[in-house]
Amino acid sequence: MASQAEIHEMASSSDAAQRREAADILGKRFGQLEDKEEAWNDLHKLTGDQNRIVRGTAADALGATFPYVSDKEAAWMDLHRLTGDQNSYVRCEAASALRSVFPNVPGKEAAWMDLHRLTEDQDRYVRLKAADALGSAFPNVPDKEAAWKDLIKLTGDQNSDVRWRAADALGSAFPNVPDKKVAWKDLIKLTGDQNSDVRWRAADALGSAFPNVPDKKAAWMDLHRLTEDQDSYVRRRAADALGSVFPNVPDKKAAWMDLHRLTEDQDSYVRRRTADALGSVFPNVPDKEAAWKD
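Residues numbered from 1 in each chain as written. Predicted model: local features only at pLDDT ≥ 70, side-chain atom pairs only at ≥ 80, totals over all residues. Heavy atoms only, no water.

Section: the pattern of salt bridges
To be explicit about the condition: When a carboxyl oxygen of Asp or Glu lies within 4 Å of a side-chain nitrogen of Lys or Arg, that pair is called a salt bridge. Helical segments are the DSSP runs of H or I of at least four residues, strand segments are the runs of E of at least two, and each set is numbered from the N terminus. The cut-offs for exposure are 20% and 50% of the maximum accessible area for each residue type, with area from a 1.4 Å probe on protein chains only; residues under the lower value are buried, those over the upper are exposed, and the others partly exposed.
All chains considered together, the criterion is met by 22 salt bridges. Note that aspartate 78 and arginine 81 form a salt bridge whose closest N and O atoms lie 2.7 Å from each other. Taken together, the residues span about one helical turn, with aspartate 78 and arginine 81 both in helix H5 (residues 72-83) at a distance of 3 residues. For aspartate 78, a relative accessible area of 3% translates into the label buried. Judged by its relative accessible area of 37%, arginine 81 falls in the partly exposed class. Between arginine 201 and aspartate 168 there is a salt bridge whose closest N-O contact spans 2.6 Å.

Looking at the environment of alanine 238
Cut-off, in case you're wondering: Contacts were defined at the residue level, with two residues in contact if any of their heavy atoms lie within 4.5 Å.
Along the chain, alanine 238 turns up in helix H14 (residues 232-245). Relative accessible area serves as the criterion here: at 0%, alanine 238 is assigned to the buried category. Measuring from C-alpha to C-alpha, the distance between alanine 238 and alanine 202 comes to 9.2 Å, with 36 residues separating the pair along the chain. Discounting chain neighbours no more than four positions away, the residues touching alanine 238 are Ala203, Leu223, Leu226 and Thr227.

Observations concerning the packing of helix H13 (residues 216-226) against H14
When two helices pack together, their arrangement is given by the angle between the helix axes and by the axis-to-axis distance. As a reminder, the rule being used: Only the stretch in contact is used when fitting a helix axis, every axis being a line fitted to C-alpha atoms; angles between N-to-C directions are given from 0 to 180 degrees. Crossings are assigned a handedness: left-handed for a near helix turned anticlockwise from the far helix by less than a right angle, right-handed for a clockwise turn. For this classification, the nonpolar set comprises Ala, Val, Leu, Ile, Met, Phe, Trp, Tyr, Cys and Pro, the charged set comprises Asp, Glu, Lys and Arg, and every other residue, Gly included, is treated as polar.
Packing of H13 against H14 brings their axes to within 8 Å, and their N-to-C directions diverge by 145°. Regarding H13 and H14, the two cross each other, and that crossing is left-handed. Every residue of H14 that contacts H13 at Trp220, Leu223 and Leu226 is listed here: Val234, Arg235, Ala238, Ala241, Leu242 and Val245. When grouped by side-chain class, the residues that make up the contact of H13 with H14 number 8 nonpolar, no polar and 1 charged.

Overview of the packing of aromatic side chains
Short version of the rule: Pairs were defined over the aromatic rings of Phe, Tyr and Trp, the Trp ring being its six-membered one, requiring ring centres within 6.5 Å. Orientation was assigned from the angle between planes: stacked under 30 degrees, edge-to-face over 60, tilted for the rest.
Tallied over the entire structure, the rule returns 3 aromatic pairs. Ring centres of phenylalanine 138 and tryptophan 148 lie 6.3 Å apart, and the angle between their planes is 85°; this geometry places the pair in the edge-to-face category. Here phenylalanine 138, found in the loop between helix H8 (124-137) and helix H9 (144-155), pairs with tryptophan 148, found in helix H9; they are 10 residues apart in sequence, far enough to count as distant. Across the pair, exposure class does not vary: phenylalanine 138 and tryptophan 148 are buried alike. Look at tryptophan 164 and tryptophan 200: their rings are 6.5 Å apart centre to centre, the planes differ by 25°, and that puts the pair in the stacked class. On the criterion of sequence distance, the pair formed by tryptophan 164 in helix H10 (residues 160-173) and tryptophan 200 in helix H12 (residues 196-209) is long-range, its members being 36 residues apart. Residue class for tryptophan 200 comes out buried when judged on its relative accessible area of 9%. Aromatic rings pair up to connect Trp164, Trp200 and Tyr233 into one cluster.

Quick notes on the side chain of aspartate 150
Stated formally: Between N or O atoms, a polar contact is any pair within 3.5 Å; within protein, one atom must be a potential hydrogen donor and the other a potential acceptor, and residues adjacent in sequence are included only when both atoms are from side chains.
For aspartate 150, the location among the structural elements is in helix H9. Reaching out from aspartate 150, the side chain makes a polar contact with the side chain of histidine 116 at a distance of 2.7 Å. With near-sequence residues (within four places) excluded, aspartate 150 lies in contact with Trp112, His116, Thr119 and Leu134.

Points about the side chain of arginine 163
Counting through the fold element by element, arginine 163 comes out in helix H10. Using a relative accessible area of 7% as the deciding quantity, one classes arginine 163 as buried. With near-sequence residues (within four places) excluded, arginine 163 lies in contact with Leu154, Thr155, Gly156, Asp157, Gln158, Asp193, Gln194, Asn195 and Val198.

Points about a negative patch on the surface
Convention followed: Patches here are clusters of residues that have more than 30% relative accessible area and form no salt bridge, with a 9 Å joining cutoff for like charges and a 5 Å cutoff for nonpolar side chains (Val, Leu, Ile, Met, Phe, Trp, Tyr). In short, Shrake-Rupley with a 1.4 Å probe defines the accessible areas, and a residue's cover is counted only from the protein chains shown. A positive count includes Lys and Arg, and a negative count includes Asp and Glu. His and the chain ends are not counted in either. Charged side chains are reduced to one point each, which is NZ for Lys, CZ for Arg, CG for Asp and CD for Glu.
Together, Glu109, Asp143, Glu145 and Asp179 make up a region of like negative charge exposed at the surface. As for its position among the elements, aspartate 179 is in the loop between H10 and helix H11 (180-191). On the basis of relative accessible area, aspartate 179 is assigned to the partly exposed category, the value being 40%.

Overview of the packing of H5 against helix H7 (residues 108-118)
The condition that has to hold: Roughly parallel covers angles under 35 degrees, roughly antiparallel covers those over 145, roughly perpendicular covers 65 to 115, and oblique covers all other angles.
The interhelical angle for the contact between H5 and H7, taken along N-to-C directions, is 20°, at an axis separation of 10 Å. Relative to H7, the element H5 is oriented roughly parallel. Between H5 and H7 lies a crossing of left-handed hand. Across the interface between the two elements, Trp76, His80 and Thr83 from H5 touch Ala110, Ala111, Asp114, Arg117 and Leu118 from H7. Here the contact of H5 with H7 is composed, by residue class, of 4 nonpolar, 2 polar and 2 charged.

Structure (C-alpha cells):
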C-alpha cells in the first residue's frame, strides 16, 4: 500500500498513468490519510491535469472525498469547473460525482444549474449519469418542478440507456414530486416503451412509487400488464415489484392470481423471483392453502 509521500510523488509524476493512479488512490483513501491538506492540494492539482483520464479520475475522486475536505467551497468550484470540461468523459465523471456530493454542496442553486445543464449534454453517457444524479439529488434540489421536467424529458430521450436510467430516477424521486398525479402518468408511459430494458426499469420504479401513487387501482392494472410482458426480464421485475407492493394492492385476489400464474412461467428466473415474492407476501395472501401448494 502506497504511503502518502509516495502518493504525493505519483501526483507530480510526468507519467499520466501514475497521476491517474494517484487520483484514484486519493479518492479511495483520502479519509485515512494523515496530512489532508497535502492530499487536498494534490487532488486539486489533478483536477486541472492536461490528461483527460487523469481529470476524469480526479472528478470521480472529488465525489468520494467531499465529506472529508475542509474547504468545500474550493472543492465545489473544482467540480463545477469539471462539469463544463470540453471532454465528455470528464463531464460524465463530474456528473457522477454530483450525485454523491449534492447534499453537502455549499451552493445548491449553482449545483442544480450544473445538473440541469448536464441533462441536455450532447453525449448520451453524460445524460444518463445526470439522470442518475437527479434521482439521488431530488430531495435536495431547490426547484423540484424544474427537476421533474428534466427527468421527464430524459424519459423521452432517443437513447434507450438514458430512458431506463431516467425511469430508475423517477422511482427514486417520486415521493418528493410536487404533482404525483402527473408524475404517475409520466411513469406509466415508460411501462409501454418499445425497449424491454426501459420497461423492466419502469416495473422497478412502479414498485418503489406504489405507496405514494394517488390511484392504486390504475397502478395495479399497469403492474398486472407487466406480469404478462413478452420479455421474461420484464416479467421477473414485475414479480419483484408484486412482492413489494402486495400489502398496498387494492385487489389482493387478482394480485395473488398473477403471482400464481407466474409460478408456472416458462422462464426459470421468473419462477425464482416469484418464489421470493410468495415468501414475502404470504401473510397477506387471501388463499393461503393454494399459496402453500405453489
